[in-house]
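Commentary on secondary and tertiary structure
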Amino acid sequence: MSRLENRVKRFLEPMLINEHGVTLDEAQQRDLARWAVMKVLLMEHAMRQRRAHLRSITGYAPTEPELAWLYTDDEPPPRSRTWLGAFDARGRVMVSTQSRLLTSAAAPSGADPVTAHLTTLTIGYVLLQVFSTNFVLADAQAVPAYDASPPHPYAEALSRIWPIGRPRAEWPPTAHVTPETLDKVANWGQQTTQAPQ
């Protein structure tokens, strides 16, 4: 994990303070996507253990397959998706997360739906969105892949970096997400069923 932190730190630090534009190659997109999934899942794990009483939404419970994958593999877990955007931090370097719980449709076998999440993380001027799920359970139940893409106008503010869509990702994008539009951007993915709170 420390090797990943060091690789990401080199190009992420200037992005956090909006120092200058950055072009991410495929290896950097992969590393940033893996870092984003790791941060989102570990922050969620910590919040559930230590600060659950401060939240109105329970949040996503990171699964053992996802956490194990992150510790042993060089790319994000199977079925995960990551988007990169720019947040109008207005001169402040703060961290925020918003998580939406999602569930797959019930399997024909009558098995329980598979829980997933779409979590938006902002750190300074960087906005990352992560989708992940228990990929072992999703595969066992033949759940279709989550292949939704942000609709207009959100597509102008969010670029998918995992799975890699383009050899190079330019940051910042043409549109920034403002504090006033953050809730809408965090809730664009409506293709699956909203999980009960």
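Residues numbered from 1 in each chain as written. Predicted model: local features only at pLDDT ≥ 70, side-chain atom pairs only at ≥ 80, totals over all residues. Heavy atoms only, no water.

Observations concerning the overall build of the protein
Within the protein, the secondary structure is distributed over five helices and eight strands. Looking at the protein as a whole, 45% of its 197 residues qualify as buried. Contacts spanning at least 24 positions in sequence make up 76% of the contacts within the protein whose residues lie at least 6 apart. On the protein, roughly 10200 Å² of surface is accessible, and the fraction owed to carbon and sulfur atoms is 52%. (Helix = DSSP H or I, 4+ residues; strand = E, 2+ residues; numbered from the N terminus. Buried < 20%, exposed > 50% of the residue type's maximum accessible area, 1.4 Å probe, protein only. Contact = heavy atoms within 4.5 Å. Areas by Shrake-Rupley, 256 points an atom, 1.4 Å probe, with all protein chains shown as cover.)

Looking at a nonpolar patch on the surface
A cluster of nonpolar side chains, namely M1, L42 and Y71, defines an oily patch on the protein surface of about 280 Å² accessible area. With respect to the element layout, L42 can be found in helix α2 (residues 26-50). (Patch = residues over 30% accessible without salt bridge, like charges linked within 9 Å, V, L, I, M, F, W, Y side chains within 5 Å. Salt bridge = Lys/Arg side-chain N within 4 Å of Asp/Glu carboxyl O.)

Remarks on the pattern of salt bridges
Going through the model one piece at a time under the given rule, you end up with eight salt bridges. In this structure, D74 engages R34 in a salt bridge whose closest nitrogen and oxygen atoms are separated by 4.0 Å. With D74 in the loop between α3 (64-72) and β2 (81-86) and R34 in helix α2, this residue pair connects regions lying 40 residues apart in the sequence. In this structure, E180 engages R90 in a salt bridge whose closest nitrogen and oxygen atoms are separated by 2.8 Å. With a gap of 90 residues between them, E180 in the loop between β7 (169-171) and α5 (182-186) and R90 in the loop between β2 and β3 (95-103) connect regions that are remote in the sequence. Under the relative-accessibility criterion, R90 is labelled partly exposed at 46%. One salt-bridge network, held together by shared partners, links R7, R30 and D31.

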